[in-house]
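Fold and contact review
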Amino acid sequence: MDFFVIGTVIISVYTMFYERSYIMSSYWRLGKALFENYGTFMLLSYSIIIALLWTFYSLFEKHRFIFIPILVILLLASALSGTKKTIIAVVVSIPVYFFIKYRKRAFKLIFIGIIILAAVYIAYLIIMNNSVLYRTIGYRMQSFINSVLNNGEDSQSYSERYMMRNFAMQWFTDKPVFGNGVSAFRGLYVLKTGKFLYSHCNYTELLCNTGLVGFLSYYGFLIYMLVKSVFLYNKTEKSFFMFATVFMFVVIMLDYGQVSYYRTHYFLIYQLISLALCANKESSSEAVNEKSNEQFNLSEDMI
């Protein structure tokens, strides 16, 4: 994972340097010129989310202060990417981390919460008052806030995505058990509107495409990993399980505004978490067997 973070930082720095003239002169999203293809360009944004969460975990759990400049670079890249999900991931992951870490110390949690809210407010003021940051992420944040406060009346993007989710639920009710087929929403939507798009919501996309069978299988697996990671962190206090807990929580929350089951790199992280859970289970079994053998040998000696 450290190498993944380093790779993301190198790509982010190179992209910022390559697109510096675009960033300084117009409303621009980082990676738009370098990657050209929208899907590839979005890979950078999702990679930044994963790298940010891992960096945050490393900074607090491993106390590696080398991660401070890396965190600054990734936060800048996330702001310039213009993707609201990267900002939301950071804002949500911080309180989740401290709640799990200091759940038995209420006053410390309140104090940390006040600091986090102050930091978020200061960051918001900086973004809104810096012309470069406002052109890339500020106006999108403003549009998002307006759409929430005014039921989406001021946001064309919000209205379109709301319509997509409605269509997805309509097609889900036609075939609720097994769905319409993997990636079926895109085909149905292009016939309806002429646009080849996904529904921008993993919940509705899964329900439409795979029905209740696919939906429950997919989220049953994710929730199992989340609950197991929380349990193992409480039991072992291993840092990786903290990262797994925060990552799974953030993904499940962000899935309302993204379609994550098309994202291959998310599945790579799921595989790493699954391997860690299996490895811990095997080590626990070995420890139980060793303890049983010791008790058996002790009883034999007594006989």
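What comes next concerns the included structure. If you're wondering where the values come from, they're calculated on a predicted model, not measured in any experiment.

1. Side note on the overall build of the chain
- Across its full length, the chain holds 13 helices and zero strands.
- In sequence order, the chain lays out its α and β elements as α-α-α-α-α-α-α-α-α-α-α-α-α.
- Across the 303 residues that make up the chain, the buried fraction comes to 43%.
- Long-range pairs, those at least 24 residues apart, make up 66% of the contacts in the chain with a sequence separation of at least 6.
- As presented, the chain carries roughly 16,700 Å² of accessible surface, and 66% of it is formed by carbon and sulfur atoms.

2. Let's talk about the nonpolar core
- The biggest cluster of nonpolar side chains holds 63 residues, and the ones touching the most others in it are L222, F247, M248, Y270 and I273.
- Those elements that provide at least two residues to this core are α1 (2–18), α4 (38–61), α5 (67–81), α6 (84–101), α7 (106–129), α11 (202–236), α12 (239–254) and α13 (264–302).
- Looking at which element gives the most residues to this core, the answer is α12, with eleven residues.
- I273 has contacts with M225, S229, F240, A244, F247 and M248, leaving out every residue within four places of it along the chain.

3. So, the environment of N234
- As for its placement among the helices and strands, N234 is situated in helix α11.
- Spatially, the C-alpha atom of N234 lies 8.6 Å from that of I100, the residues being 134 residues apart in sequence.

4. A short note on the packing of aromatic side chains
- Throughout the structure, instances matching the rule amount to 18 aromatic pairs.
- Of note, R186 hangs over the ring of Y262, and the distance from its end group to the ring centre comes to 4.6 Å.

5. A word on unusual backbone geometry
- Positive phi, normally seen in glycine, also occurs at S183, with a value near 65°.
- With respect to the helices and strands, S183 occurs in the loop between α9 (156–174) and α10 (184–193).
- Although it is not a glycine, H200 adopts a positive phi angle of roughly 60°.
- Position of H200 among the secondary structure elements: in the loop between α10 and α11.

6. What to know about α10
- For α10, the set of buried residues is A184, F185 and Y189. All buried residues of α10 project into a common sector of 120° when viewed along the axis, lining one side.
- Directly beyond the C-terminal end of α10, a positive phi value near 85° is found at G194.

7. What about the packing of α10 against α11?
- Contact geometry of α10 with α11 gives a least axis separation of 8 Å together with a crossing angle of 95°. Considered as vectors, α10 and α11 are oriented roughly perpendicular to each other. Only E205, C208 and N209 of α11 make contact with α10, whose side of the interface consists of A184, F185 and L188.
- Taken together, the residues of the contact of α10 with α11 break down into four nonpolar, one polar and one charged.

8. Here we look at a nonpolar patch on the surface
- A cluster of nonpolar side chains, namely F3, I6 and I10, defines an oily patch on the protein surface of about 370 Å² accessible area.
- Looking at where F3 falls in the secondary structure, it is placed in helix α1.
- On the basis of relative accessible area, F3 is assigned to the exposed category, the value being 73%.

9. So, the side chain of T204
- Relative to the assigned elements, T204 resides in helix α11.
- A distance of 3.1 Å separates a polar atom in the side chain of T204 from a polar atom in the side chain of S199.
- The contact partners of T204, leaving out residues within four places of it in the chain, are R165, A168, M169 and S199.

10. What about the packing of α1 against α5?
- In the contact formed by α1 and α5, the axes pass within 10 Å of each other and the chain directions differ by 50°. Considering the angle they form, α1 stands oblique to α5. Considering the relative orientation of α1 and α5, their crossing is left-handed. Together, D2, V5, T8, V9, S12, V13 and M16 of α1 and F67, I70, I73, L74, L76, A77 and L80 of α5 make up the contact between the two elements.
- When the residues that make up the contact of α1 with α5 are grouped by side-chain class, the tally is eleven nonpolar, two polar and one charged.

11. Some words on the environment of M169
- Within the secondary structure, M169 sits in helix α9.
- When the C-alpha atoms of M169 and Y203 are compared, they prove to be 9.6 Å apart, with 34 residues separating the residues in sequence.
- Once residues within four sequence positions are removed from consideration, M169 is found in contact with T204 and L207.

12. Regarding the pattern of salt bridges
- Per the counting criterion, the structure on display carries one salt bridge.
- A salt bridge links K195 to E160, with the shortest nitrogen-to-oxygen separation between them at 3.2 Å. Residue K195 is located in the loop between α10 and α11, and its partner E160 is located in helix α9; the two are separated by 35 residues in the primary sequence.
- A relative accessible area of 23% places E160 in the partly exposed class.

The rules behind these values
Residues numbered from 1 in each chain as written. Predicted model: local features only at pLDDT ≥ 70, side-chain atom pairs only at ≥ 80, totals over all residues. Heavy atoms only, no water. Helix = DSSP H or I, 4+ residues; strand = E, 2+ residues; numbered from the N terminus. Buried < 20%, exposed > 50% of the residue type's maximum accessible area, 1.4 Å probe, protein only. Contact = heavy atoms within 4.5 Å. Areas by Shrake-Rupley, 256 points an atom, 1.4 Å probe, with all protein chains shown as cover. Core = buried A, V, L, I, M, F, W, Y, C linked by side-chain atoms within 4.5 Å. Phe/Tyr/Trp six-rings, centres within 6.5 Å; stacked < 30°, edge-to-face > 60°. Lys NZ or Arg CZ within 6 Å of the ring centre and 35° of its normal. Arc of directions from axis to C-beta. Axes fitted to C-alpha atoms, helices over the stretch in contact; angles between N-to-C directions. Parallel < 35°, antiparallel > 145°, perpendicular 65-115°, else oblique. Nonpolar A, V, L, I, M, F, W, Y, C, P; charged D, E, K, R; others polar. Patch = residues over 30% accessible without salt bridge, like charges linked within 9 Å, V, L, I, M, F, W, Y side chains within 5 Å. Salt bridge = Lys/Arg side-chain N within 4 Å of Asp/Glu carboxyl O. Polar contact = N/O pair within 3.5 Å; in protein donor to acceptor, adjacent residues only side chain to side chain. Left-handed = near helix turned anticlockwise from the far one by under 90°.

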